[in-house]
Amino acid sequence: MKARQCKHIRNMKRSGDSEGEKRRKRRKLLQELGDQKIPFLGPADRGYQQLWDSSYSGLVLRRSLSLPAELHGRVQTALFTLRRKGCLLRDLVRIRERDVFTAVSRTLLGEPGHTYRYLDTRLFAIPWHSEDAELKGQNCCDPDFRAACKALCELNTFFCSDVSLLKEGDRFTQGAKGEAEAKQGEEGDTWSKHSEDSKNSEGGDSESRQSEEGDAESKHSEEWDIESKHSEEGCSGPKQEGEWETESKPSSEEGEPHPLKPSESEHSEGKPPGWAPKAVGGTEIKPAGLGAPEKPVEQLKHSLSDHHIKDRDEQASGQGCSQPSPRQVCTGPVKFNVTLLNYMDPAAMSQLKEEPYYGMGKMAVGWHHDENLISHSPVAVYSHSCHNDKGESSEGGSGEEACWRIGLKVAWDIRTPGLTLPLESGDCYYMRDDLNSTHQHCVLAGETARFSSTHRVAECSSGTLTYIQSRCQEALSNLHTDPETGSHSLLALLPTTLQHCEEIHNEVEFEWLRQYWFQGQRFARFCSWWTGPMEQLEKDWKLMETMTMLFLDTVEGEEEGQEGEGRREMAETLLSALTDRQQQRQTWRDRCHSSLAQTLPPQEAPVDRPFWGVDDPNMPLPFDLADIINRVESLLWRM
């Protein structure tokens, strides 16, 4: 046992050393790159549409004029209703073992019983409250709130239908204004840089904001890793209707690059296999006209790209990844099951960070992939810009940067120019096919506040209420209750069965109960749909505490048939489960009582639940498991 613990500590140290070495290499490379910026194109630049077609073909823009006016009205009323009721809140998320507040306020709506997990945080979806949802007879919220949810469900239905009708090569679904802009953008036939003033903009505000994550220089050098974990249009956690194929891939944190095979080295610039510029008007487009960079910088770019390919190969070997698990691929009709609503007000977001690689401007949300989605599933986003005190929206300002924009880049590629997409109020955009996995996007702040409703096909194989309820039944099927005395006993004592039950026990406590209560009273305040199910989950969890007590009694007892290797295996299984539970309980306690958590108002503050005092007669085991762990360790030493 001690030898195994020492080996675990050595492995952790080697992993830490490896991560530190990679960060030092990135810091050195980015320091050598200095203030030089990578080119990017906006709608006014020649070659914009060619770049879109050749490198960003999965992006589709639907202009606001092409959506029904009635739908706009209902959706925008819903957004303001939800904000007025106070259900758009900043999340206290976990990044690199540290808690941080999201800059964006958000909430999750979706299919009843669905959740969405990002950055070690599980959001519990407020149900759509659609007519066909399983909410009949439930008075879980007030009429205004219910109407707002229904309006967003209507938008979700529209997106499901609209995305399914898109054809290969579609770029615009637009009104007259969009058609004029498309013609204007297609007049050029060469690539061009954005203005030099934009390219040479200093990231002056970035370092002051970087203190949130640690040393400024270190934060900048780690951006290639961290950027994809900060998600607005998707943020980590959780097979839906339609046809899904399953392919086996290593699971990884969202935003991490997919591993490359050696045979795919020719795609080192982040382009998918078979990538080639598309033809416009029957003429092949060749990416020329960017100007030849100085040789040292070109060599540096190759070096940086190669470095990240190496990182991806290391991830493929298992470093930094969880255990491999099947990954679903979207092949059937589109059915968005959740939407993440976001609200961003640049006036309330102090020291917005400058986009560091292209000089695109101030970022409300850094570079990222949307997390935890069915592979190759689309993402649909509705954008609404609020009016300022003068009644003007962002697009009423001077210059392109006055409005909100989406920035896109090919992931792990510093050679392909970036692309910016300005958004007027009511515009929508779709990211189709593998765009979300092969590319990253950021949100560039406008001058006024903005809502976005980001609809997605969340990977919920282990993230629905139905799933966790079935897991509870699996575990509790090994518990027998005497109908006369009410006493409990375990039906099977096989180590594999006991291990399975303890794993479910930990999953219910740390992936559901503590995740739910860590977010305070936010769910029950607006909609009580989750209240009953969470109470039942807590009752089931309490029975699992009884099962652990019976497991402990069996290990410590001298019952016939429990001697030898079988008993030792049971003791090791129990020790592993208890040690994990003790560590996770302490982590959650620390998070609930952290200085950041204490800044939240009472109704939003984390609740340390389940928690019980010493010698609580209603609980079969103590909250602090240290003494029990010591007893099991001592037992193993004597065996």
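Not measured: the values here are computed from a predicted model. (Residues numbered from 1 in each chain as written. Predicted model: local features only at pLDDT ≥ 70, side-chain atom pairs only at ≥ 80, totals over all residues. Heavy atoms only, no water.)

**Points about the overall build of the protein**
Across its full length, the protein holds 17 helices and 21 strands. Expressed as a percentage of the 639 residues in the protein, the buried residues total 54%. Taken as a whole, the protein presents about 28500 Å² of accessible surface, with 49% of it coming from carbon and sulfur. (Helix = DSSP H or I, 4+ residues; strand = E, 2+ residues; numbered from the N terminus. Buried < 20%, exposed > 50% of the residue type's maximum accessible area, 1.4 Å probe, protein only. Areas by Shrake-Rupley, 256 points an atom, 1.4 Å probe, with all protein chains shown as cover.)

**Some points on the packing of helix 13 (residues 495-518) against helix 16 (residues 565-592)**
Contact pair helix 13 / helix 16: the axes reach a minimum separation of 9 Å and the direction vectors enclose 5°. Relative to helix 16, the element helix 13 lies roughly parallel. Taken together, the residues of helix 16 that come into contact with helix 13 (itself represented by Pro495, Leu498, Gln499, Glu502, His505, Asn506, Glu509, Phe510, Arg514, Gln515 and Phe518) are Gly566, Glu569, Met570, Thr573, Ala577, Asp580, Arg581, Gln584, Arg585, Trp588, Arg591 and Cys592. Split by residue class, the contact of helix 13 with helix 16 holds eight nonpolar, seven polar and eight charged. (Axes fitted to C-alpha atoms, helices over the stretch in contact; angles between N-to-C directions. Parallel < 35°, antiparallel > 145°, perpendicular 65-115°, else oblique. Contact = heavy atoms within 4.5 Å. Nonpolar A, V, L, I, M, F, W, Y, C, P; charged D, E, K, R; others polar.)

**Quick look at the side chain of Arg122**
Assignment of secondary structure puts Arg122 in strand 6 (residues 121-124). For Arg122, the side chain forms a polar contact with the side chain of Thr115, separated by 2.8 Å. In terms of polar contacts, Arg122 uses its side chain to reach the side chain of Glu511, at 2.7 Å. (Polar contact = N/O pair within 3.5 Å; in protein donor to acceptor, adjacent residues only side chain to side chain.)

**Re the state of the cysteines**
Under the defined criterion, the tally for this structure stands at zero disulfides. Unpaired in terms of disulfides, Cys87 finds its nearest cysteine sulfur in Cys149, a separation of 7.6 Å. Here Cys87 falls in the buried class, since its relative accessible area comes to 3%. (Disulfide = S-S within 2.5 Å.)

**Topic: the pattern of salt bridges**
Throughout the structure, instances matching the rule amount to 24 salt bridges. For Arg74, the salt bridge is made with Glu154, and the minimal N-O distance between the two is 2.6 Å. Note that Arg74 is positioned in helix 3 (residues 69-84) and Glu154 in helix 4 (residues 143-165), a separation of 80 residues in sequence. Judged by relative accessible area, which is 39%, Arg74 ranks as partly exposed. Here the salt bridges do not stand alone but share partners, grouping Glu509, Arg514, Glu545, Arg585, Arg589 and Asp608 into one network. (Salt bridge = Lys/Arg side-chain N within 4 Å of Asp/Glu carboxyl O.)

**Some thoughts on the environment of Thr546**
Relative to the helices and strands, Thr546 is located in helix 15 (residues 531-556). A C-alpha to C-alpha distance of 9.1 Å links Thr546 and Ser489, two positions 57 residues apart in sequence. Excluding residues that lie within four positions of it along the chain, Thr546 makes contacts with His488 and Pro620.

**Here's the deal with helix 12 (residues 465-476)**
Three or four residues apart is the spacing at which side chains of an α-helix point the same way, because the helix has 3.6 residues per turn. Look at helix 12: 16 Å from first C-alpha to last across twelve residues, which is about the 16 Å you get at 1.5 Å a residue. What helix 12 keeps buried is the set Leu465, Tyr467, Ile468, Arg471, Cys472, Ala475 and Leu476. Buried residues of helix 12, seen end-on, are gathered within an arc of 165° and therefore sit on one face of the element. Those residues of helix 12 that are exposed and angled more than 90 degrees off the buried face are Thr466 and Gln473. Check the buried side of helix 12 and you find it contacts strand 20 (479-481), helix 13 and helix 15. (Expected span 1.5 Å × (residues − 1). Arc of directions from axis to C-beta.)

**Description of the nonpolar core**
Ranked by size, the top nonpolar core spans 84 residues in total, and within it Phe145 and Leu152 carry the most contacts. With ten residues, the single largest contributor to this core is helix 4. Setting aside chain neighbours within four positions, we find Leu152 in contact with Val75, Ala78, Leu79, Leu82, Leu109, Trp128, Leu341, Ser453 and His455. Grouped together as the second largest cluster of nonpolar side chains are 41 residues, Tyr48, Leu59, Val379 and Tyr429 included. (Core = buried A, V, L, I, M, F, W, Y, C linked by side-chain atoms within 4.5 Å.)

**A word on the pairing of strand 11 (residues 338-344)**
Of all seven residues in strand 11, seven are buried; the element is thus mostly enclosed. Neither face of strand 11 is open: one carries Val338, Leu340, Asn342 and Met344, the other Thr339, Leu341 and Tyr343, and all of them are buried. As paired strands, strand 4 (residues 98-110) and strand 11 are joined by six bridges and run antiparallel to one another. From the neighbouring strand, Ser105 faces strand 11, where its bridge partner is Tyr343. Relative to strand 19 (residues 450-456), strand 11 is paired through seven bridges, and the arrangement is antiparallel. From the neighbouring strand, Val338 faces strand 19, where its bridge partner is Arg456. (Pairing = 2+ DSSP bridges.)

**Things to note about unusual backbone geometry**
The omega torsion of the bond from Arg609 to Pro610 falls at 5°, within 30 degrees of zero and hence cis. Inspection of the secondary structure puts Pro610 in the loop between helix 16 and helix 17 (626-638). Phi is positive for Glu97, close to 65°, though the residue is something other than glycine. Following the sequence through the fold, Glu97 ends up in the loop between strand 3 (89-95) and strand 4. Although it is not a glycine, His376 adopts a positive phi angle of roughly 65°. Structurally, His376 can be placed in the loop between strand 13 (362-368) and strand 14 (379-385).

**Considerations on the environment of Asp413**
Position of Asp413 relative to the elements: it lies in the loop between strand 15 (404-410) and strand 16 (418-423). The sequence separation of Asp413 and His439 amounts to 26 residues, and the corresponding C-alpha distance is 9.2 Å.

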